[in-house]
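Working through the structure, step by step
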Amino acid sequence: MDFSTFPVPVHNDGRVNKFKNATKGFFRISPDTKRKFIMRIKLIAVLLFAVCMHLSAKSFSQNITLAEKNSSLQTVLNKIEQQSGYDIFMQTELLAGSNKVSLNVKNEALTKVLDRVFKGQPVTYAIVGHTIVVKEKNTQASANSANAPASLYTGKVIDATTKEPLIGASVGVKGGGKATSTSLNGTFKLNLENGDGTVLVISYIGYITKEITLSGTNNLGEIELKSSASSMHEVVVTGDVAIDRKTPVAVTTLNQRFIEEKLGNQDIPQLLSVVPGVMATQGDGGYGDSRINIRGFNSGSKKGNVALTINGIPVNDMENGSLYWSDFSGLTDVTTSLQLQRGLGASKIIVPSFGGTINITTRGTETEKGGYISQGIGSDGYEKTAVLLSTGLDKNGWAATFQGSRTQGRGNADGLNFLGYNYFFNISKQLTPNQTLSLSVMGANQTHGQRPDELISDWQNAPQGIRWNYELGVKDGKQINPYNNNFSKPLFSLNHEWNINGSSSLSTVFYATYGTGGGGGIQGEAPRISNLYSPYDYTAAEKANFANPDGSASTYFYSSHNDHTWYGVRSTYRTELSKSINLSAGVDLRSYKGTHYKTVTDLLGADYVYDPFTSASNLGSRSGDINNPEHRAIVGDKIGYYNKDNVISGGAFAQAEYSKDDFSAFVTVTGTGTGNKRTDYYNYLNSDPNQTSKYVNFFNYQAKGGANYNINDAMNVFANVGYMTKPPYFDNIFQKFTNNINPSSVSEKLLSYELGYGLKLAHFSAKLNAYRTQYNDESFATAYFDQATNQLYTVNVAGVDELHQGLELEMKLKPIKEITLNGMLSYGDWHYTNDAGPSTVYNSQQQAVKTVNKVYLKDIKVGDAAQTTAALGADIDVLPDLTIGGNYFYYGNYYSDFNFANAGQPNMHPYKLPNYSIWNLNGVFRFKIAGLNAVLIGNVNNLLNTKYIADSYDANLTGNAASTLVYYGLGRTFVTSLKIKF
């Protein structure tokens with residue numbers, strides 16, 4: 001991939017300039033980029049200063065002076081906003097039928113002026129906190145008595161979809177006066193006297209404001225607020241959303257406001273670091289290269305045991321279960337709810353996750369017209385521009401929403417330049433009052449640089465520090481990184497929601513995704529400019545290629561492609577069998593084809609790449625194209641390998657739910673069949689019937705159930721148990737590089753138990769979970785680089801058993817209205833419970849080089865994630881419109897990943913990483929600009945610039961730091977974004 005569009009160092013003298021210390025990186029920025037950066041900072045500073053002065057001036061004026069004659073209501077309200085210091089929230093559609101206003105007041109109280117302005121209007125107003133909300137007039141409320149009976153009113157404000165409590169929601173008397181906010185469990189108490197008012201106004205950022213008319217009932221019960229970004233609900237029903245204090249699983253839900261304020265320039269996994277049992281790292285630091293680990297189960301390639309669903313659609317790679325976050329890098333811009341279900345979860349998808357399930361609910365088509373524009377800038381040239389537009393719901397039942405963004409930057413290390421375009425489009429039609437049809441398209445088109453892990457000693461000696469990139473090179477005077485990733489994966493979905501009657505509904509989604517792209521690399525050797533820490537000299541490699549007498553390439557660039565097409569349908573029928581029993585049943589069908597090959601991308605001055613076919617008797621010893629044995633490849637030609645993998649699956653599920661009073665329970669059963677077929681165009685003649693394998697079929701099932709009991713309004717307990725099986729991943733089904741079936745490949749199995757306790761008080765809440773999970777017959781097909789031989793190898797190990805058990809605690813405390821504290825602590829014990837083997841090792845020429853008869857794994861700790869994690873956080877409302885937040889994260893008891901094939905003797909253990917902790921900081925300022933709502937958000941990650949090892953690989957289980965390959969975590973980064981809503 002050509003990164004010439006990015007600012008790159010030019011070496012006019014043919015030599016690389018000496019690298020400067022990473023802390024002086026600002027002075028390496030090109031003058032034009034530096035000038036633009038400083039100008040933006042100044043512009044934002046001036047804008048904030050003007051806004052603050054404007055707000056400060058307004059806050060002193062609570063009385064109004066106006067002289068208007070036949071003015072529009074909107075004009076009068078804008079002038080009141082300018083004088084009063086109050087924000088005014090109004091929908092243009094509501095003002096369309098308003099009457100002209102004439103009045104002459106001098107230094108009169110705000111509420112009196114508003115009463116006169118709204119007299120005789122079809123709309124009315126409510127003062128909630130520091131905001132005047134314009135609402136449609138409630139005729140029922142007007143007919144009631146002006147005075148509510150003196151009493152203490154109570155209630156609970158919750159999210160209409162997830163049933164999670166909304167903390168800090170505003171509850172106040174319409175027209176101003178007494179007000180309060182909800183506590184940690186969503187409850188509120190408001191003591192009213194005669195004359196205080198008859199209508200309560202409940203509001204929360206990101207939700208539709210609701211009015212409650214007071215009557216003789218003091219307990220208002222649960223008050224549901226609908227998200228302002230998903231009011232048509234067509235995408236929610238297909239998901240598997242867990243409800244707190246009802247669904248008996250360990251669940252944490254992050255709302256849209258949390259995502260907006262805490263994300264910054266991170267990926268989705270980093271947001272979930274506040275959840276116990278979760279660890280997320282940013283891998284090599286590349287754009288979208290993050291990974292997440294839940295209860296010791298990884299989301300990485302060929303061991304993907306963390307599921308991701310988007311509006312109920314499964315998106316994990318069908319061949320290896322992995323998650324590539326760069327494919328959905330813009331998803332957070334349209335996410336309304338991010339829910340993590342640890343362990344068994346409530347998901348009914350037919351290929352389950354063993355570690356946990358991340359459910360993302362995106363925007364539906366909004367019923368209200370509007371949108372936003374936003375601009376973010378940050379460290380390392382980070383820039384993000386985003387826009388969202390919604391038409392609103394018209395009188396014919398049509399509505400559409402579009403969101404798009406462009407993100408670019410240099411990355412947090414040399415050569416990690418990135419550029420991404422993200423998009424989301426939804427159009428919906430209300431076919432009838434009971435049916436909605438919705439079409440959505442979302443995806444990302446991105447390219448980003450990558451880098452390999454290296455020895456700790458090499459990192460420590462690098463002049464560039466943790467920003468060093470071993471693979472960085474120079475070609476024709478420009479920086480170049482052959483190791484890059486580019487991919488595009490649009491996801492199309494057509495949702496149909498049908499409320500058949502008052503007790504039954506049918507939800508169906510048809511979806512398709514088309515992925516194209518892959519990762520770049522280099523074959524052969526190139527000299528460096530000088531030492532290990534200087535770039536590769538690809539200009540010298542060009543000269544060497546040019547000197548080859550036969551014109552062949554000794555060194556060249558390639559790209560490994562992983563294209564795919566995927567179609568699926570998921571349909572769920574729900575019905576109420578009685579007031580207490582609900583039944584859900586449905587189907588989940590998928591068809592997937594993955595196409596894998598390598599192409600030449602740059603000959604580096606040569607005429608061709610010689611890719612001959614070689615054959616030997618050993619299993620997996622073939623290389624090259626048997627159908628073109630003297631292949632001379634040019635740019636764009638396939639080389640090395642070319643195969644297509646087919647995976648089809650289909651299954652059915654049923655779930656019964658019982659809920660009555662304080663007790664709820666569920667039972668879920670699922671059955672599925674999966675078929676796997678491989679076609680190899682390089683290792684088999686076109687005339688060979690074995691070029692395409694037969695389908696290898698697996699039948700799998702899961703059965704799980706749980707129960708929840710609410711002891712009282714504050715406490716609940718739950719338990720669940722489940723047994724699941726799932727097919728092995730594709731690379732474990734076939735012997736490496738052939739269509740021969742692996743006889744030791746069997747379905748993986750999991751048996752899990754969990755107990756939970758919840759406590760929700762007005763100012764304190766806590767959840768405590770204990771889990772024990774037995775994972776059997778796990779298989780691995782893993783690639784690794786051997787330092788001693790300087791070769792790439794792959795190994796297949798089957799029959800691995802693991803035990804994952806632990807405790808998880810999460811808490812929230814709200815000592816006073818303006819402060820919210822949160823924390824979590826998790827302790828895990830994850831280890832292998834048996835020895836495994838035998839396993840076969842292959843080299844990069846696809847030759848079987850050795851067989852390991854026994855793999856000594858018993859009692860070795862499961863690596864790749866910290867088994868002890870903790871977090872503390874605080875959000876402080878310094879001012880009504882200004883919030884400062886901070887988060888502390890701790891990671892300990894963290895072991896390296898390792899190569900199973902090298903566990904050839906007892907008592908071997910991988911390297912244990914040093915414990916570490918990091919701090920993050922964020923600030924949020926909400927204000928008005930030109931009459932529009934705006935928010936300024938700043939995020940600083942790794943505030944103290946802590947140097948720590950985030951990922952490690954001890955291939956030979958030496959237990960020594962000196963021989964372990966690592967990635968260091970990112971240093972201090974920051975991003976500031978301004979969003980203006982209209």
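Since this is a predicted model, take the numbers as computed values, not measurements.

As a further point, take the overall build of the chain. A count of helical and extended segments in the chain gives ten helices and 53 strands. When each of the 982 residues of the chain is scored for burial, the buried share is 57%. The contacts of the chain with a sequence gap of at least 6 include a subset with a gap of at least 24, amounting to 68%. Looking at the chain as shown, the accessible area adds up to about 39900 Å², and 55% of this sits on carbon and sulfur atoms.

Here we take up the sheet that holds strand β52 (residues 965–968). Strand order in the open sheet formed by three strands is β26-β52-β51, with antiparallel pairing between adjacent strands. The two strands at the open ends of the sheet, each matched to only one other strand, are β26 (454–455) and β51 (949–953). Across four bridges, the pairing between β51 and β52 is antiparallel. Counterpart to Ser952 in the pairing with β52 is Val966.

Another aspect to go through is the confidence of the model for the chain. Of the residues in the chain, 86% have a pLDDT of 70 or more, and the chain-wide mean is 85. Helix α5 (residues 139–143) is the least confidently modelled element of the chain, averaging 41 in pLDDT, while strand β48 (residues 882–894) averages 97, the highest of any element. Considering only residues more than four positions removed or in separate chains, one finds that residues 1–29, a stretch of pLDDT under 50, has 53 contacts. The low-confidence segment residues 617–621, where pLDDT is below 50, has 18 contacts with residues more than four positions distant or belonging to other chains.

On to unusual backbone geometry, then. One non-glycine residue with positive phi stands out, namely Asn907, at about 60°. By the element assignment, Asn907 lies in the loop between β48 and β49 (916–929). The phi torsion at Asn945 lies on the positive side, around 55°, for a residue other than glycine. Structurally, the position occupied by Asn945 is in the loop between β50 (932–941) and β51.

With respect to the element layout, Val647 can be found in strand β37 (residues 638–660). What makes Val647 buried here is its relative accessible area of 3%.

The next point concerns the environment of Ile292. With respect to the element layout, Ile292 can be found in strand β15 (residues 291–294). Of the residues examined, Ile292 reaches a relative accessible area of 0% and is grouped as buried. For the pair Ile292 and Asp864, spaced 572 residues apart in the sequence, the C-alpha separation amounts to 9.9 Å.

This part takes up the pattern of salt bridges. Charged atoms that come close allow side chains of opposite charge to pair. The tally for this structure, following the rule as stated, stands at 25 salt bridges. For Lys174, the salt bridge identified is with Glu211, shortest N-O distance 3.5 Å. In this pair, Lys174 sits in the loop between β7 (170–173) and β8 (179–181) while Glu211 sits in strand β11 (residues 210–213), placing the two residues 37 residues apart along the sequence. Between Asp875 and Lys262 there is a salt bridge, with its nearest N and O atoms 3.0 Å apart. Note that Asp875 is positioned in strand β47 (residues 866–879) and Lys262 in helix α6 (residues 256–262), a separation of 613 residues in sequence. Neither Asp875 nor Lys262 differs from the other in exposure class; each is buried.

Once that is clear, we can look at the sheet that holds strand β14 (residues 278–281). Strand order in the open sheet formed by three strands is β14-β15-β16, and the pairing between neighbours is antiparallel. On the outer flanks of this sheet lie β14 and β16 (297–298), each paired with one strand and no other. Here β15 pairs with β16 via two bridges, running antiparallel. Note on β16: the bridge partner recorded for Ile294 is Phe297.

Running from amino to carboxyl end, helix α2 (residues 73–84) crosses helix α4 (residues 110–118) at an angle of 175°, the nearest separation of the two axes being 11 Å. In this view, α2 runs roughly antiparallel relative to α4, as classed from their interaxial angle. Within the contact between the two elements, α2 uses Leu73, Val76, Leu77, Ile80 and Ser84 and α4 uses Leu110, Val113, Leu114, Val117 and Phe118. Each residue belonging to the contact of α2 with α4 can be placed in one class, and the counts come to nine nonpolar, one polar and no charged.

Further remarks concern the nonpolar core. Judged by nonpolar contacts, the single largest core of 80 residues is most densely connected at Leu272, Leu338, Ile358, Leu857 and Phe900. Excluding its chain neighbours within four sequence positions, the residues that come into contact with Leu272 are Leu254, Val278, Ile292, Leu338, Leu340 and Ile358. In terms of nonpolar packing, the next biggest core, distinct from the first, is built from 22 residues, Leu66, Tyr86, Ile88 and Leu103 among them.

What follows deals with the side chain of Thr447. Structurally, the position occupied by Thr447 is in strand β25 (residues 435–449). According to the relative accessible area criterion, Thr447 is buried, its value standing at 12%. Engagement of the side chain of Thr447 in a polar contact is seen with the backbone oxygen of Asn485, the distance being 3.4 Å.

A word on a nonpolar patch on the surface. On the surface, a cluster of nonpolar side chains totalling about 800 Å² of accessible area is made up of Leu577, Ile581, Leu583, Tyr658, Phe663, Tyr709, Ile711, Val717, Tyr757 and Leu768. Position of Leu768 relative to the elements: it lies in strand β42 (residues 764–786).

Its location among the elements puts Asn834 in the loop between β44 (819–832) and β45 (839–843). Overall, the relative accessible area of 17% leaves Asn834 in the buried class. A polar contact is formed between the side chain of Asn834 and the backbone oxygen of Gly799, at a distance of 3.0 Å. Engagement of the side chain of Asn834 in a polar contact is seen with the backbone nitrogen of Asp801, the distance being 2.8 Å. When residues no more than four places from it in sequence are discounted, the contact partners of Asn834 are Gly799, Val800, Asp801, Leu857 and Lys858.

Here we come to the packing of aromatic side chains. Tallying each qualifying case throughout the model produces 29 aromatic pairs. For the pair Phe492 and Tyr514, a centre-to-centre distance of 6.1 Å together with 70° between the ring planes defines the contact as edge-to-face. Taken together, the residues Phe492 in strand β30 (residues 491–498) and Tyr514 in strand β31 (residues 504–523) connect sequence positions 22 residues apart. Taking the centre distance of 5.1 Å and the plane angle of 35° together, the rings of Tyr891 and Tyr916 count as tilted. Placement of Tyr891 in strand β48 and of Tyr916 in strand β49 is noted, with a sequence separation of 25 residues between them. Taken as a pair, Tyr891 and Tyr916 share a single burial class, namely buried. One aromatic cluster is present, built from ring pairs that chain together Trp459, Trp468, Tyr470, Tyr533, Tyr536, Tyr538, Phe557 and Tyr968.

Definitions and limits used
- Residues numbered from 1 in each chain as written.
- Predicted model: local features only at pLDDT ≥ 70, side-chain atom pairs only at ≥ 80, totals over all residues.
- Heavy atoms only, no water.
- Helix = DSSP H or I, 4+ residues; strand = E, 2+ residues; numbered from the N terminus.
- Buried < 20%, exposed > 50% of the residue type's maximum accessible area, 1.4 Å probe, protein only.
- Contact = heavy atoms within 4.5 Å.
- Areas by Shrake-Rupley, 256 points an atom, 1.4 Å probe, with all protein chains shown as cover.
- Pairing = 2+ DSSP bridges.
- pLDDT = per-residue confidence, 0-100.
- Salt bridge = Lys/Arg side-chain N within 4 Å of Asp/Glu carboxyl O.
- Axes fitted to C-alpha atoms, helices over the stretch in contact; angles between N-to-C directions.
- Parallel < 35°, antiparallel > 145°, perpendicular 65-115°, else oblique.
- Nonpolar A, V, L, I, M, F, W, Y, C, P; charged D, E, K, R; others polar.
- Core = buried A, V, L, I, M, F, W, Y, C linked by side-chain atoms within 4.5 Å.
- Polar contact = N/O pair within 3.5 Å; in protein donor to acceptor, adjacent residues only side chain to side chain.
- Patch = residues over 30% accessible without salt bridge, like charges linked within 9 Å, V, L, I, M, F, W, Y side chains within 5 Å.
- Phe/Tyr/Trp six-rings, centres within 6.5 Å; stacked < 30°, edge-to-face > 60°.

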